[in-house]
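Results of the structural survey
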Amino acid sequence: MTPAERQLLEKLDNLVLTASGDELRKIQEIDIQTQMNGLSFYDAFVNSTSLTNQSPKESQKSKQ
């Protein structure tokens, strides 16, 4: 695993760990849909510029 991949995985972990209940439900829905399409949630995250550009702090701000 490259350092860039490790950073994205850490970012994804932080996004999930800091998510609200509603956000977790949305993440779960995306995860189910990606699995049904033969992808992993990580692949969907990496290929989504709107998610990969979001920092955990931005996620926290949107909760307030």
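So, a few notes on the structure that sits alongside this text. Since the model is a prediction, treat every value here as computed from it, not as a measurement.

Turning our eyes to something else, we now look at the pattern of salt bridges. For the coordinates displayed, the defined rule picks out 1 salt bridge. Of the charged contacts, one joins R25 and D22 as a salt bridge, the two residues approaching to 2.7 Å between their closest N and O atoms. Here D22 and R25 lie together in helix α2 (residues 21-36), a separation of 3 residues that amounts to about one turn. Exposure remark for R25: the relative accessible area of 47% places this residue in the partly exposed category.

Here L24 shows up in helix α2. The contact partners of L24, leaving out residues within four places of it in the chain, are V16 and A19.

Relative to the 22 Å expected for 16 residues at 1.5 Å per residue, α2 spans 23 Å between its end C-alpha atoms, a close match to the ideal helical length. Directly beyond the C-terminal end of α2, a positive phi value near 85° is found at G38.

Reading the values: rules and limits
Residues numbered from 1 in each chain as written. Predicted model: local features only at pLDDT ≥ 70, side-chain atom pairs only at ≥ 80, totals over all residues. Heavy atoms only, no water. Salt bridge = Lys/Arg side-chain N within 4 Å of Asp/Glu carboxyl O. Helix = DSSP H or I, 4+ residues; strand = E, 2+ residues; numbered from the N terminus. Buried < 20%, exposed > 50% of the residue type's maximum accessible area, 1.4 Å probe, protein only. Contact = heavy atoms within 4.5 Å. Expected span 1.5 Å × (residues − 1).

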